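As a plain string of letters, each chain reads:
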Amino acid sequence: MIRTKLLGLGSYVPDRVVTNDDLRFLNDQHIRQEQPVIETNDQWIQQRTGIRSRRYVPADGSVNTSDLALAAAQRALDDAGAKAEDIDCIILGTLSPDMHFPGTAVFLQKKLGISGRNCACFDIRQQCSAFVYALQMADAFIRAGTYRRILLVGAELHSHSMDFSTRGRDVVVLFGDGAGAMLLGPTETEDEREGVLYTAAYADGSGAMDLYLHIFNIAHRPYIDYNALDREQNQVIFPQMDGKRVFLHAVRGMVMAAHAALAKTNMTWDDIQWFVPHQANLRINEKVVEVAKIPPEKVLNTIEWYGNTTAATIPLTIDYWRQQGKVKKGDRVLSAVFGSGYTWGAAIFQV
Ligand code: UT7
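Everything in this summary refers to the structure shown in the same document. Small disclaimer: the values here were computed from a predicted structure and weren't measured.

Considering the overall build of the protein chain
Right, so step 1: From N to C terminus, the protein chain includes ten helices and 13 strands.
Right, so step 2: Here the C-alpha radius of gyration of the protein chain, 20 Å, is about what a compact globule of 351 residues would show, namely 20 Å.
Right, so step 3: With respect to the principal axes defined by its C-alpha atoms, the protein chain has extents near 60 × 50 × 40 Å.
Right, so step 4: For the protein chain, the proportion of its 351 residues judged to be buried stands at 55%.
Right, so step 5: If you take every contact in the protein chain between residues at least 6 apart in sequence, the share linking residues at least 24 apart comes to 77%.
Right, so step 6: When the accessible area of the protein chain is evaluated, it comes to approximately 15500 Å², of which 49% is carbon and sulfur surface.

Now the structure itself:
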């Protein structure tokens, strides 16, 4: 039987560390001002979210989402001992694409030096749930024999598109820049517990307007009719969020998805080495762990240092803890994710 195997893993975060205290003083060019720009503080952010710092790319436009994706992808390729030429499909999850269209996967393909080759490029959205959605697609493609080397990437560049003012403080404190990547391929095995064991993806569009970024209204003419420089007047260019509703649904969705993953695979936490939840808020993850009765010593987080990197959080977190020596090749991971849409899901796979 053909199953999907993780061949390589890599991640990348930009060098600039922005602490909670730094963030208070940054303007939208990420330049430190003398007086605080955002009414917030380190204590509030740590207590409510668990975040201490996040990473930002330079504010000069020199780094794009596809650059973050490229750095993570190269590390995943190195880890697998593979070359970019081996890739016959890219699936890239992002809510912060290089541009509206074409999708970011083709820019990554070009930067990998494999443009024009026989390599399909998919962009998927699904925000914070993109990793599980992408893994489900990749697993189906590989088991069907459609592709043999799939590069799955989650990459986000949030720091350019948030509201650096008190109005946007509920969102700006949460998000950071970063990328994570996996190279996936087929393996012939009779062991049902090898490789990617399980994926499930869910959605509920009735929650779509609890976390969204408008930018333009396609039904309106002209479809962009605001002055982007008038920061006070317009909110369409910044993400809008009903944090409390998202919080409650995130806990519910991730608990449900984790329970279903174990029930459908006839597994218990004894069969799983690590629980790697999406990194949106440490309090969400602590609640999920409590309600789903997950052994706390099996939980891996990185939100403290990286904030929420949306599509990148799962491979970024696994790679971080692998570098710390905790996660080992062959370990079995259960991931649960929840994000804008609403979308959510879970997966069980071997590292
Ligand atoms: O992957 C999906 C991505 N998003 C999420 O998962 C977000 C889920 N939601 C959350 O993480 C939390 O709801 C937040 C961290 C966004 C907010 O925490 P909260 O405990 O739900 O706070 P709240 O919205 O109830 O706000 C409490 C107070 C309010 O002030 P008043 O009205 O009580 O005077 C807010 O205006 O905290 C204020 N507040 C802040 N204060 C300092 C909101 N953001 C901030 C801030 N700094 N950054």
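Some words on unusual backbone geometry
Right, so step 1: In the segment running from F101 into P102, the intervening peptide bond is cis, with an omega of 0°.
Right, so step 2: Counting through the fold element by element, P102 comes out in the loop between strand 4 (89–93) and helix 4 (104–111).
Right, so step 3: The phi dihedral of Q126 falls on the positive side, at around 60°, and the residue is not glycine.
Right, so step 4: Take Q126: it is sitting in the loop between strand 5 (120–124) and helix 5 (130–144).
Right, so step 5: Positioned with a positive phi, T310 is a non-glycine residue whose angle comes to about 50°.

As for the packing of helix 7 (residues 243–265) against helix 8 (residues 282–291)
Right, so step 1: Look at helix 7 against helix 8: their axes get within 9 Å of each other, and the N-to-C directions meet at 40°. Taken together, the axis directions place helix 7 and helix 8 in an arrangement best described as oblique. The two elements helix 7 and helix 8 meet at a crossing, and its hand is right-handed. Across the interface between the two elements, F247, A250, V251, M254 and V255 of helix 7 pack against R283, I284, N285, K287, V288 and V291 of helix 8.
Right, so step 2: Residues belonging to the contact of helix 7 with helix 8 are distributed by class as follows: eight nonpolar, one polar and two charged.

Concerning the site of the ligand
Right, so step 1: Inspection of the region around the ligand gives 22 residues, with T40, R48, C128, K244 and N281 positioned closest.
Right, so step 2: Between the ligand and G243, the relevant distance is 3.0 Å, taken from a nitrogen atom to a main-chain nitrogen or oxygen of the residue.
Right, so step 3: Separating an oxygen atom of the ligand from a side-chain N or O atom of K244 is a distance of 2.7 Å.
Right, so step 4: Relative to its unbound accessible surface of 940 Å², the ligand loses 75% to contact with the protein.
Right, so step 5: Broken down by class, the residue content of the shell around the ligand amounts to ten nonpolar, six polar and six charged.
Right, so step 6: Shared between two domains, the shell around the ligand holds at least three residues of each, these being domain 1 (2–188) and domain 2 (196–350).

Brief notes about the sheet that holds strand 13 (residues 343–350)
Across a sheet, paired strands are connected by hydrogen bonds in the backbone, their directions being either parallel or antiparallel.
Right, so step 1: With mixed pairing, four strands are arranged side by side in an open sheet as 8-13-12-11. Because the sheet does not close on itself, it has two edges, and the strands there are strand 8 (196–203) and strand 11 (274–277). In this sheet, neighbouring strand axes are inclined to one another by 10° on average, regardless of whether the strands run parallel or antiparallel.
Right, so step 2: Sheet analysis places strand 8 next to strand 13, joined by seven bridges and oriented antiparallel. In the strand pairing of strand 13, T199 is matched with A347.
Right, so step 3: Strands in contact with helix 5 are strand 8, strand 12 (332–339) and strand 13; relative to strand 8, the strand with the most contacts, it is inclined by about 125°.
Right, so step 4: Against the sheet, helix 7 engages strand 8, strand 11, strand 12 and strand 13, with an angle of about 145° to strand 12.

Observations concerning helix 10 (residues 313–323)
Residues lying three or four places apart along an α-helix face the same way, a consequence of the helix completing one turn every 3.6 residues.
Right, so step 1: Judged by how many residues are buried, helix 10 sits mostly within the fold: nine of eleven residues are covered.
Right, so step 2: Burial in helix 10 covers these residues: T313, I314, P315, L316, T317, I318, D319, Y320 and W321.
Right, so step 3: Just past helix 10, the residue G325 takes up positive phi, approximately 90°.

Considerations on the pattern of salt bridges
Right, so step 1: Under the definition given, this model contains eleven salt bridges.
Right, so step 2: Across the salt bridge formed by D210 and R245, the nearest N and O atoms sit 2.8 Å from each other. Of the two residues, D210 is situated in the loop between strand 8 and strand 9 (211–212) and R245 in helix 7; the sequence distance between them amounts to 35 residues.
Right, so step 3: On the basis of relative accessibility, which here comes to 38%, the residue R245 falls in the partly exposed class.
Right, so step 4: Of the charged contacts, one joins D319 and R322 as a salt bridge, the two residues approaching to 2.9 Å between their closest N and O atoms. Taken together, the residues span about one helical turn, with D319 and R322 both in helix 10 at a distance of three residues.
Right, so step 5: Via salt bridges that share partners, D79, D319 and R322 belong to a single interconnected network.

Analysis parameters
Residues numbered from 1 in each chain as written. Predicted model: local features only at pLDDT ≥ 70, side-chain atom pairs only at ≥ 80, totals over all residues. Heavy atoms only, no water. Helix = DSSP H or I, 4+ residues; strand = E, 2+ residues; numbered from the N terminus. Rg over C-alpha atoms; globule rule 2.2 N^0.38 Å. Buried < 20%, exposed > 50% of the residue type's maximum accessible area, 1.4 Å probe, protein only. Contact = heavy atoms within 4.5 Å. Areas by Shrake-Rupley, 256 points an atom, 1.4 Å probe, with all protein chains shown as cover. Axes fitted to C-alpha atoms, helices over the stretch in contact; angles between N-to-C directions. Parallel < 35°, antiparallel > 145°, perpendicular 65-115°, else oblique. Left-handed = near helix turned anticlockwise from the far one by under 90°. Nonpolar A, V, L, I, M, F, W, Y, C, P; charged D, E, K, R; others polar. Near = heavy atom within 4 Å. Polar contact = N/O pair within 3.5 Å; in protein donor to acceptor, adjacent residues only side chain to side chain. Domains from an automatic or database assignment. Pairing = 2+ DSSP bridges. Salt bridge = Lys/Arg side-chain N within 4 Å of Asp/Glu carboxyl O.

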